[in-house]
Amino acid sequence: MRRMKVLGVDVDAVSMQEALAVLWELIRSPNYGCAYVVTPNLDHARMLQENHDLQAAYAAARLRLVDGMPLVWAARILGRPVPERVAGSDLVPALMASATAERPLSFFLLGAAPGVADRAASAMTAQNPHLRCVGCHSPPLGFENVADENQRIVDLVASASPDVLVVGLGAPKQELWVHRHQTRLRTKVALCAGATIDFMAGAISRAPKWMQATGLEWVHRMASQPSRLLPRYAKDAIAFPKLLYGDFRNPH
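(A) Examining the nonpolar core more closely. If you look at the biggest cluster of nonpolar residues, it comprises 45 residues, and the most contacted ones within it are Val-6, Leu-7, Leu-165 and Trp-177. Among the elements that take part in this core, helix H4 (residues 69-77) stands out by supplying 5 residues, more than any other. The next biggest cluster of nonpolar side chains, apart from the first, holds 37 residues, and it includes Leu-26, Ile-27, Leu-63 and Phe-107.

Spelled out as structure tokens, the structure:
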């Protein structure tokens, strides 16, 4: 597996199938170790420049998959392209679809608004009889700052002992939370997956495939949540050339 730096982020240059192979190897391990996966995009790359806690969370991740198309473009410009974009919102459904009678999969959904994770779980299990949802939880706002609430959530996950924990709390909260509690989460794999639970439940519509393939998914998402995403995308657009210049100056 090839690891390289793109927009200042160390990423794993793997295909979707290669990422799935790594995840199944971890899932079929007899030990619960909570290896976790992060899915960097341009916004993550920007935040990583100054957020030391996020840097530590990224450093401990088992896989760092190229989610954002700007990272794919930057890799091409730098002359070391990645095999493909492996978005968290594609990885989670692909992993669930790959469960079989010989390798069933249990999962826990953490995040999204109340009731959304339950709808997502129902949608996934209806599509594949070899999936088993062992828990869903929508944490209250600000839960990460309340010790008792954090302990309650860790206990929920630990008692369920899922093969996979899907964490949809948004960045950088989800990465920081998983990293902070990694040693106490009784799960094989944790996937930091942003809005994936909302997508699976149909609470938020995903951009058409052609927009995803051409790097225009951000247009669709911004149109659906302009007040939240317009400031973020503006900051990201300003950061992109600076980060790319940094790659040229420090190629390794």
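(B) How the structure looks around the pairing of strand S2 (residues 9-13). For S2, the tally of buried residues reaches 4 of 5 residues, placing the bulk of the element in the interior. Two strands pair when backbone bridges link them, and strand S1 (residues 2-6) and S2 are joined in this way by 5 bridges, in the antiparallel orientation. Bridging across to S2, Arg-2 finds its partner in Ala-13. Counted between consecutive antiparallel strands, the loop separating S1 from S2 contains 2 residues, among which Leu-7 sits at a positive phi close to 55°.

(C) Local environment of the pattern of salt bridges. For the structure shown, the criterion picks out 8 salt bridges. Between Arg-3 and Asp-12 there is a salt bridge whose closest N-O contact spans 2.8 Å. Classification of Arg-3 by relative accessible area gives partly exposed; the value is 39%. Taking the relative accessible area as the measure of exposure, Asp-12 reaches 2% and is therefore buried. What you see here is one network of salt bridges that share partners, running through Lys-5, Asp-10 and Arg-64.

Calculation rules
Residues numbered from 1 in each chain as written. Predicted model: local features only at pLDDT ≥ 70, side-chain atom pairs only at ≥ 80, totals over all residues. Heavy atoms only, no water. Core = buried A, V, L, I, M, F, W, Y, C linked by side-chain atoms within 4.5 Å. Buried < 20%, exposed > 50% of the residue type's maximum accessible area, 1.4 Å probe, protein only. Helix = DSSP H or I, 4+ residues; strand = E, 2+ residues; numbered from the N terminus. Pairing = 2+ DSSP bridges. Salt bridge = Lys/Arg side-chain N within 4 Å of Asp/Glu carboxyl O.

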